[in-house]
Amino acid sequence: QVQLVESGGGLVQAGGSLRLSCVASGIIVSINTMTWYRQAPGKQRELVASITSGGSTVYADSVKGRFTISRENAKKTVYLQMNGLKPEDTAVYYCNTRRLAASNNGWGQGTQVTVSS
């Protein structure tokens, strides 16, 4: 059974930083494209960043240059380093595999990020 547990969220002032972590079980992280999504109140869930098994990364335009996705396969963990946070980054952040996200499965509880102005 797939389980994805996100952590590292919190309340931070604009311009601050947070590092989110996602620990996976039930899947082989090293062979999956891993993704971070976010969902703000009243909005649809959106893709923030992804990283392939080969380490190629893709970012939403809104976070390019500020966020960095990485993975540590031995720890089955995916990270999202968020710098230069803005109030519009406020959302619940989720990690998932690209395949499970496409079928709307595998979602964990997420971690809340709140950025104050």
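Presented here is an overview of the structure given in this document.

Here is what the cut-offs are and how they apply
- Residues numbered from 1 in each chain as written.
- Predicted model: local features only at pLDDT ≥ 70, side-chain atom pairs only at ≥ 80, totals over all residues.
- Heavy atoms only, no water.
- Core = buried A, V, L, I, M, F, W, Y, C linked by side-chain atoms within 4.5 Å.
- Buried < 20%, exposed > 50% of the residue type's maximum accessible area, 1.4 Å probe, protein only.
- Helix = DSSP H or I, 4+ residues; strand = E, 2+ residues; numbered from the N terminus.
- Pairing = 2+ DSSP bridges.
- Axes fitted to C-alpha atoms, helices over the stretch in contact; angles between N-to-C directions.
- Salt bridge = Lys/Arg side-chain N within 4 Å of Asp/Glu carboxyl O.

Membership of the largest hydrophobic core comes to 28 residues, with the highest contact counts inside it found for Trp-36, Val-48, Phe-67, Ile-69, Leu-80, Met-82 and Tyr-93. Of all the secondary structure elements, the ones that give two or more residues to this core are strand S3 (18-25), strand S4 (34-39), strand S5 (46-51), strand S7 (67-72), strand S8 (77-82), strand S9 (91-97) and strand S10 (111-116). In terms of residue count, the dominant contributor to this core is S3 (four residues).

Another point: the sheet that holds S8. Strands sit in the order S1-S3-S8-S7 across an open sheet of four strands; the sheet is antiparallel. Two strands bound the open sheet, and with one partner strand each, they are strand S1 (3-7) and S7. Sheet twist, expressed as the average angle between the axes of neighbouring strands with direction ignored, equals 15°. In terms of strand pairing, S3 meets S8 through six bridges, oriented antiparallel. What sits directly across from Val-23, in S8, is Thr-77.

Applying the stated criterion to the full structure yields five salt bridges. In this structure, Asp-61 and Lys-64 form a salt bridge, with 3.0 Å as the shortest nitrogen-oxygen distance. Here Glu-72 ties to Lys-75 by a salt bridge, and the two come within 3.8 Å at their closest N and O atoms. For Lys-75, a relative accessible area of 52% translates into the label exposed. Residues joined by salt bridges that share partners form a network here, namely Arg-38, Glu-46, Arg-66 and Asp-89.

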